[in-house]
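Architecture at a glance
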Amino acid sequence: LGVPAGQVFAELDPAPAAAASIAQVHKARLRRGDGSDAEVAVKVQRPGIRATVEQDLDILMGIAARLESRTRWARTYGLVALAQGFAAAMREELDFRVEARNMTAMAASWPAQQRAVGGNVQVTLPALYDQVSSEHVLVIEWLDGVSLRKAGPLIDDRGLDRTELTRVLMRSMVYQLTEGGVFHADPHPGNFLLLADGRLALLDFGSVGRLDAQLRSGLQNLLLAIGRGDPGAFRDAPL
């Protein structure tokens, strides 16, 4: 961030609350201009991780090129192009400014999504503190909750409706694909939290996709055809 951490954060827990391959997350209290503090999650990129990733990608590209030159199946699947796409996505995830832009894009359509999805459970996004984020640091609102991967006991203890939770999550993802046009591209259980107040929260926006109006319309027609059991409409859906 270009200044000592103490100038930005009133508190910063040195022990990570979570850790993954390219970054780890620390709980902190952000100093704000009005004199108050905000509880935040600080995602910090591991030092030197870009060089490690580039080395791995170089190995991957070499293997893909060799396989494509020597095997028919690799040429059929366009293995080099697939590897290039994967490499581009990985490089984007190493720049947290991309993730910040993804969060901003998703937040723009979120109020409309909430109205469309309905139900008794709300799906929320953490607030972004863009002014103190950078290529290697991302600061977002701290949300107290449990990963859906580990939320089974909590759901049972609180008597929550699993069907309703599932329905709201499905509606949220379908809305993102068919109407919002900006969708979370890595919606595994670890990227959803069940919050203490019963809401669901979506996390980790390093991988976000975008669909134009024409493709969204075609996808709507495709899903309608599946819902109606209409093979002719399914075949003709303009995707």
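Described in the following lines is the structure provided in the data block. What you see is a predicted model; the values in this text were computed from it and never measured.

What follows covers helix α4 (residues 79–93). Working note: α-helix, 3.6 residues per turn, so residues spaced by three or four point in the same direction. For α4, with 15 residues, the first-to-last C-alpha span of 21 Å sits near the 21 Å given by 1.5 Å per residue. All of the buried residues in α4 are Leu79, Val80, Ala83, Ala87 and Met90. What you see down the axis of α4 is that its buried residues fit within an arc of 95°, all on one side. Facing away from the buried surface of α4 by more than 90 degrees, the exposed residues are Ala81 and Leu82. On its buried face, α4 is in contact with α2 (49–70) and α3 (72–77).

Turning to the pattern of salt bridges, a few remarks are in order. A full pass over the atoms with the stated rule returns 11 salt bridges. The partner of Arg50 in a salt bridge is Glu135, and the shortest N-O contact between them spans 3.7 Å. You can see Arg50 sitting in helix α2 and its partner Glu135 sitting in the loop between β5 (123–124) and β6 (137–141), a full 85 residues away along the chain. As a salt-bridge pair, Glu54 and Arg91 come within 2.9 Å of each other at their nearest N and O atoms. Highlighted residues: Glu54 in helix α2 and Arg91 in helix α4, separated in sequence by 37 residues. Accessibility expressed as a relative area gives 37% for Arg91, which makes it partly exposed. Connected through salt bridges with shared partners, the residues Arg50, Asp95, Arg97 and Glu135 form a single ionic network.

On to the packing of α2 against α4, then. Contact geometry for α2 and α4: axes closest at 8 Å, N-to-C directions at 170°. Viewed along their axes, α2 and α4 adopt a mutual orientation that is roughly antiparallel. In contact with Arg50, Val53, Glu54, Leu57, Leu60, Met61, Ala64, Ala65, Leu67 and Glu68 of α2, α4 contributes Leu79, Val80, Ala83, Gln84, Phe86, Ala87, Met90 and Arg91. Its residues assigned to classes, the contact of α2 with α4 shows 13 nonpolar, one polar and four charged.

Rules behind the numbers
Residues numbered from 1 in each chain as written. Predicted model: local features only at pLDDT ≥ 70, side-chain atom pairs only at ≥ 80, totals over all residues. Heavy atoms only, no water. Helix = DSSP H or I, 4+ residues; strand = E, 2+ residues; numbered from the N terminus. Expected span 1.5 Å × (residues − 1). Buried < 20%, exposed > 50% of the residue type's maximum accessible area, 1.4 Å probe, protein only. Arc of directions from axis to C-beta. Contact = heavy atoms within 4.5 Å. Salt bridge = Lys/Arg side-chain N within 4 Å of Asp/Glu carboxyl O. Axes fitted to C-alpha atoms, helices over the stretch in contact; angles between N-to-C directions. Parallel < 35°, antiparallel > 145°, perpendicular 65-115°, else oblique. Nonpolar A, V, L, I, M, F, W, Y, C, P; charged D, E, K, R; others polar.

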